Amino acid sequence: MTPMAAAAPAAGGGSLFSMLILALPIVVLLWLMMTQRRRAKAVQQAQAELAVGQDVMLAAGIYGTIAHLDGETVHLQVSDGVVLRVNRRSVVPPEAAV
């Protein structure tokens, strides 16, 4: 028996291991995609349920209270006399901001 033949793995012995090595990244990617979809659905539902008087956070990290809703525009009171007009998609309730 030559040294190369002795060092070679047995036929079929490593195929299960190599299949597991190849399947692991695919399983991780599928899991990441499912969790991302779940988070996106939760944020979308929270944005649809916005109400006047609700404490929220902007995607930029600014906290405030919803003063007025006008379609896709949210008027956010961040301080006495200071109202910001922002797009509804940039507003996230703090409990949904994960």
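Residues numbered from 1 in each chain as written. Predicted model: local features only at pLDDT ≥ 70, side-chain atom pairs only at ≥ 80, totals over all residues. Heavy atoms only, no water.

### Topic: the overall build of the chain
Using the following cut-off: Numbering goes from the N terminus for both helices and strands, where a helix is a DSSP run of H or I of at least four residues and a strand is a run of E of at least two. The buried label applies to any residue whose accessible area, calculated with a 1.4 Å probe on protein chains only, is under 20% of its type's maximum; exposed applies above 50%, and partly exposed to all values in between. Accessible surface is estimated by sampling points in the Shrake-Rupley manner with a 1.4 Å probe; for residues, cover comes only from the protein chains shown.
Counting its regular elements, the chain contains 2 helices and 5 strands. Ordered by position from N to C terminus, the α and β elements of the chain give α-α-β-β-β-β-β. A buried classification covers 16% of the 98 residues belonging to the chain. When the accessible surface of the chain is split by element, carbon and sulfur atoms take 65% of a total near 7,500 Å².

### Focus on the sheet that holds strand E3 (residues 73-79)
Each strand in a sheet pairs with another by means of backbone hydrogen bonds, the pair being arranged parallel or else antiparallel. Note the cut-off: Whether two strands pair depends on DSSP finding at least two bridges between them.
In spatial order, the strands read E4-E3-E2-E1-E5; together these 5 strands make up an open sheet with antiparallel pairing. On the outer flanks of this sheet lie strand E4 (82-87) and strand E5 (91-92), each paired with one strand and no other. In this sheet, E3 lies alongside strand E2 (residues 63-70) in antiparallel orientation, the contact comprising 5 bridges. Following the sheet pairing, Thr-65 is matched in E3 by Gln-77.

### Some details on the pairing of strand E1 (residues 55-58)
Note that E1 and E2 share 3 bridges and pair antiparallel. Bridge pairing links Asp-55 to Thr-65 in E2. Of the pairings in the sheet, the one linking E1 to E5 comprises 2 bridges and is antiparallel in character. Its bridge partner being in E5, Met-57 is matched across the sheet by Val-92.

### What to know about helix H2 (residues 15-48)
Let me state the cut-off plainly: Take the number of residues in a helix, subtract one, and multiply by 1.5 Å to get its expected span. One axis fitted to the seven residues ending at a residue, another fitted to the seven starting there: the angle between these axes is the bend at that residue. By definition in these notes, contact holds between two residues if any of their heavy atoms fall within 4.5 Å.
With 34 residues, H2 should reach 50 Å at 1.5 Å per residue; the first-to-last C-alpha distance of 50 Å fits that figure. Of all bends in H2, the biggest is about 25 degrees, found at Ala-23, and the proline Pro-25 comes one to four residues later. Thr-35, Ala-46 and Gln-47 are the residues of H2 that are buried. Residues of H2 that are buried sit in contact with E5.

### Let's talk about the confidence of the model for the chain
Note the threshold: For every residue, the predictor reports its confidence as pLDDT, a number between 0 and 100.
Per-residue confidence for the chain averages 85 on the pLDDT scale, and 82% of its residues sit at or above 70. Per-element averaging of pLDDT across the chain places helix H1 (residues 3-7) at the bottom with 57 and E4 at the top with 96.

### What about the nonpolar core?
Rule in force here: Nonpolar cores were defined as sets of buried Ala, Val, Leu, Ile, Met, Phe, Trp, Tyr and Cys residues, with membership established by side-chain atoms within 4.5 Å.
Within the largest apolar cluster, 8 residues are counted, these being Leu-50, Val-56, Leu-58, Ile-66, Val-74, Leu-76, Val-86 and Val-91. Elements that contribute at least two residues to this core include exactly E1 and E3.

### Some remarks on the environment of Arg-85
Of note, Arg-85 is situated in strand E4. Here the alpha-carbon distance between Arg-85 and Ala-67, two residues 18 residues apart in the chain, equals 9.9 Å. Excluding residues within four positions of it along the chain, Arg-85 makes contact with Thr-73, Val-74 and His-75.

### With respect to the side chain of Arg-88
Rule in force here: His is not counted, nor are the chain ends, whereas Lys and Arg count as positive and Asp and Glu as negative. Here, a salt bridge means any side-chain nitrogen of Lys or Arg that lies within 4 Å of a carboxyl oxygen of Asp or Glu. In protein, a polar contact requires one atom able to donate a hydrogen and another able to accept it; more generally it is a pair of N or O atoms within 3.5 Å, and residues adjacent in sequence count only if both atoms are side-chain atoms.
Looking at the secondary structure, you find Arg-88 in the loop between E4 and E5. Lacking a salt bridge, the buried Arg-88 has Glu-72 as its closest oppositely charged neighbour, with an N-O distance of 5.4 Å. Side-chain polar atoms of Arg-88 contact the backbone oxygen of Gly-71, separated by 2.7 Å. Residues contacting Arg-88, with those up to four places away along its chain left out, are Gln-47, Ala-48, Leu-50, Leu-69, Gly-71, Glu-72 and Val-74.

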